[in-house]
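# Descriptive structure summary
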Amino acid sequence: MDVIPYFFCLQAKRMHRTISDWGIYPLFVYISLPILFVAASVALFQRTLHAPWIYVGVAGVVLLQWCDVARQRFLQQLFGRQAYFCLRFLENTVTILPFAFFLFYEGAVWFAWGALVLAVLAVFVRTGNSGPRVLRTPFSREPFEFAIGFRASIFWVLLVYLLLVIAIYVNNENLSAATIVLMVLICASYYGRSEPLFYAWIYPLGPHAFLKLKIKTALKQVSLLVFPMAVATMIYFSDNWLAILLVLVVGCGYLVLAVLAKYAAFPGSVNLPQGMVMALSLVLPPLLLVTIPYFYRRAENNILRIL
Amino acid sequence: MNVQVRQLTKSFGVNPVLAGIDLDFVGGHVYGIVGQNGAGKTTLFNCLAGLEAHGGTVTTEGGRLKDRLGFLQTEPFMLSRMTGREYLRLCCKARGVPDGDLDARNVFDLPLDRYAQQYSTGMKKKLALQAILLQPNDVFILDEPYNGVDIHSALLITEIIHRLRASGKVILISSHIFSTLKDTCDVIHVLDSGKMAKTVEKADFNRLEQAMTDFAVGNKLDALPLG
């Protein structure tokens, strides 16, 4: 069974390397993450009575990170049956423990036990098994981020549409505007990972033309998802059409930023400082006027080496 | 369509991988590149394609090589949740080629509406080859085109190479199966430790094969009880 301690040591090493790749000191994360976790938990429990439900929900989403079918197949190939289940149980328990401890501390005992049961049940959950069935999308004619991103995020897309329906039903215009932002964020996540170099290399274009094509495609395709939402929102909350329009413009700006940030870091991934700049641009939209040209210049210089 | 490579060098850190490669490629010819694992074949191809920064020059008549190059990589990477049809469309659109009627041009009978990532190794290879054949390329780099493909497809690939040569294209192939090189190549370059060790014309292919067999086998098998 000494393979299991080795496996966890290896995961710790990988995590350490990943944090270093983000461009920050791992020690900083190891110290600040527990503090942030406790602060966020306290804030959540102070704000709402439904906090235990939300908390267990968040814990469940975190557990899903280990449920990817490819990862599970890999582990099953590597380990025997007993070691595999032991390992899956341990990693789920380790993940859920901070949540469970805090729930115990808050006196939500049943929720704490519920979270631990969730950890056991998640051992048998598999996600990301696309199987042989292909999900048809309206994006297949254009390459390629939206077609594959849409398939990967179909659950979230449907959830956002459902939220919009609820927002209209309960007459909450803020929530409906938030769903538009959420949809744009989902679409922006399609540009969160770089494709292999080859997929950019095949274009016989200069950096400007390449980036223009990518941005044009992104805006064209996001409109397919967001336009019906915007129209519905403007019809039901016609007094605030200008605010909705503003949300749309900012959303498009943010999507452009996501495309440019991807190619500024290409073929690597957006690092933490860049990610923070992006997050700041979302919170303070006027910043987009600075960050879009900044990332454009970086993307143009970076992609020049490949094109 | 001619390609000239002069003093091409490439290092990874302090380790030189390619050391001053000089090559000339002329339209209507098929060139084989052979060498042991790690000899630098794939790095050479990546440098020619412009996927790796390198020293030296790669000169092509009438513009950049990369814009008229069809590059079949050793292990074509297929993104998850992308169908074969979408991959072909991507490669067509990238080069401004019409992407209609893909079924009629699906010479390898691939299941284009399935996710390409779920294809077998050989099917991925055939999809990537199909994609570069749809583009108007003048130069083809085929890195291990026969890897994992079935016997019928291998025969089809050989015929495709013959037809590309007949239409005046430049074709570079690497393969670990000597018979496929004998069937298709006009010249074979032997790459050894990052240097061009030998250039062999068609008339001498048998002698090269014998020399390679002698080197590869030698008396290594005497240690095994193979009878």
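Rules and cut-offs
- Residues numbered from 1 in each chain as written.
- Chains lettered and ligands numbered in written order.
- Predicted model: local features only at pLDDT ≥ 70, side-chain atom pairs only at ≥ 80, totals over all residues.
- Domains from an automatic or database assignment.
- Buried ≥ 20, exposed ≤ 12 C-beta atoms within 10 Å, placed from the backbone.
- Helix = DSSP H or I, 4+ residues; strand = E, 2+ residues; numbered from the N terminus.
- Pairing = 2+ DSSP bridges.
- Contact = placed C-beta atoms within 7 Å.
- Nonpolar A, V, L, I, M, F, W, Y, C, P; charged D, E, K, R; others polar.
- Expected span 1.5 Å × (residues − 1).
- Bend = angle between axes of the 7 residues up to and from the residue.
- UniProt positions renumbered as here; feature names shortened; annotations may be inferred.
- Axes fitted to C-alpha atoms, helices over the stretch in contact; angles between N-to-C directions.
- Parallel < 35°, antiparallel > 145°, perpendicular 65-115°, else oblique.

### Structural notes on the domain arrangement of chain A
- Under the domain assignment, chain A is made up of domain 1 (3-124) and domain 2 (145-304).
- Taking only C-alpha atoms, the centre of domain 1 of chain A and the centre of domain 2 of chain A are 29 Å apart.

### Topic: the pairing of strand β5 (residues 69-72) of chain B
Residues and elements named next belong to chain B.
- Of the two faces of β5, both are covered, the one formed by L69 and F71 as well as the one formed by G70 and L72.
- Of the pairings in the sheet, the one linking β5 to strand β6 (residues 139-143) comprises 4 bridges and is parallel in character. Across the sheet, the residue bridging to L72 is L142, located in β6.

### Quick look at the interface of chain A and chain B
- Counting residues at the interface gives 19 residues for chain A, matched by 20 residues for chain B.
- Those elements that provide at least two residues to the side of chain A that touches chain B are α7 (145-152) and α10 (198-201) of chain A.
- Residue contributions to the side of chain A that touches chain B peak at 4 residues, all from α7(A).
- For the side of chain A that touches chain B, the class distribution of residues is 14 nonpolar, 2 polar and 3 charged.

### So, helix α2 (residues 26-47) of chain A
All names here are of chain A.
- Its 22 residues place the ends of α2 31 Å apart at the C-alpha level, agreeing with the 32 Å of an ideal helix rising 1.5 Å per residue.
- The principal kink in α2, of about 30 degrees, is found at S32, preceding the proline P34 by one to four residues.
- Within α2, only 1 of the 22 residues are buried, leaving the element largely exposed.

### Re the UniProt feature "transmembrane region" (unreviewed entry) in chain A
Residue and element names in this part refer to chain A.
- In the numbering adopted here, UniProt assigns the feature "transmembrane region" (unreviewed entry) to residues 22-45, 51-71, 83-104, 110-127, 148-169, 175-192, 243-265 and 277-296.
- Segment residues 22-45 splits into 83% helix and 0% strand. End C-alpha atoms: 31 Å apart.
- Helix and strand shares over residues 175-192 are 83% and 0% respectively, and the end C-alpha atoms of the span are 25 Å apart.

### Some thoughts on the pairing of strand β1 (residues 2-12) of chain B
Residues and elements named next belong to chain B.
- Two strands pair when backbone bridges link them, and β1 and strand β2 (residues 15-26) are joined in this way by 8 bridges, in the antiparallel orientation. Following the sheet pairing, V3 is matched in β2 by F25.
- In the sheet, β1 pairs with strand β4 (residues 55-60) via 5 bridges, with the strands oriented antiparallel. For Q4, the partnering residue across the bridge sits in β4 and is T59.

### Section: the UniProt feature "domain: ABC transporter" (unreviewed entry) in chain B
- Feature annotation in UniProt assigns "domain: ABC transporter" (unreviewed entry) to the following positions: residues 3-218 of chain B.
- End-to-end, the C-alpha atoms of residues 3-218 of chain B are 37 Å apart, and along that stretch the chain is 32% helix and 28% strand.

### What to know about the packing of helix α8 (residues 154-169) of chain A against helix α11 (residues 207-236) of chain A
Residues and elements named next belong to chain A.
- One can describe the packing of α8 onto α11 by two numbers: an axis separation of 11 Å at closest approach and a directional angle of 5 degrees. Between α8 and α11, the interaxial angle falls into the category roughly parallel. Side by side, α8 and α11 meet where V157, L164 and I168 of the first sit next to L225, M229, A232 and Y236 of the second.
- Among the residues forming the contact of α8 with α11, the class breakdown is 7 nonpolar, no polar and no charged.

### What to know about the environment of G13(B)
Residues and elements named next belong to chain B.
- With respect to the element layout, G13 can be found in the loop between β1 and β2.
- The exposure class assigned to G13 is exposed, which follows from the 6 C-beta atoms found within 10 Å.
- As a C-alpha pair, G13 and M82 span 69 residues in sequence and 35 Å in three-dimensional space.

### Describing unusual backbone geometry
- Residue F266(A) is joined to P267(A) through a cis peptide bond whose omega torsion reads 0 degrees.
- Here the phi dihedral of Q7(B) falls at roughly 50 degrees; this positive angle occurs in a residue that is not glycine.
- Inspection of the secondary structure puts Q7(B) in strand β1.

### Section: the sheet that holds β1(B)
Residue and element names in this part refer to chain B.
- Spatial strand order, β2-β1-β4: 3 strands in an open sheet with antiparallel pairing. Every interior strand has two partners, whereas the edge strands, β2 and β4, have only one. When strand polarity is set aside, the average angle formed by the axes of neighbouring strands in this sheet is 15 degrees.

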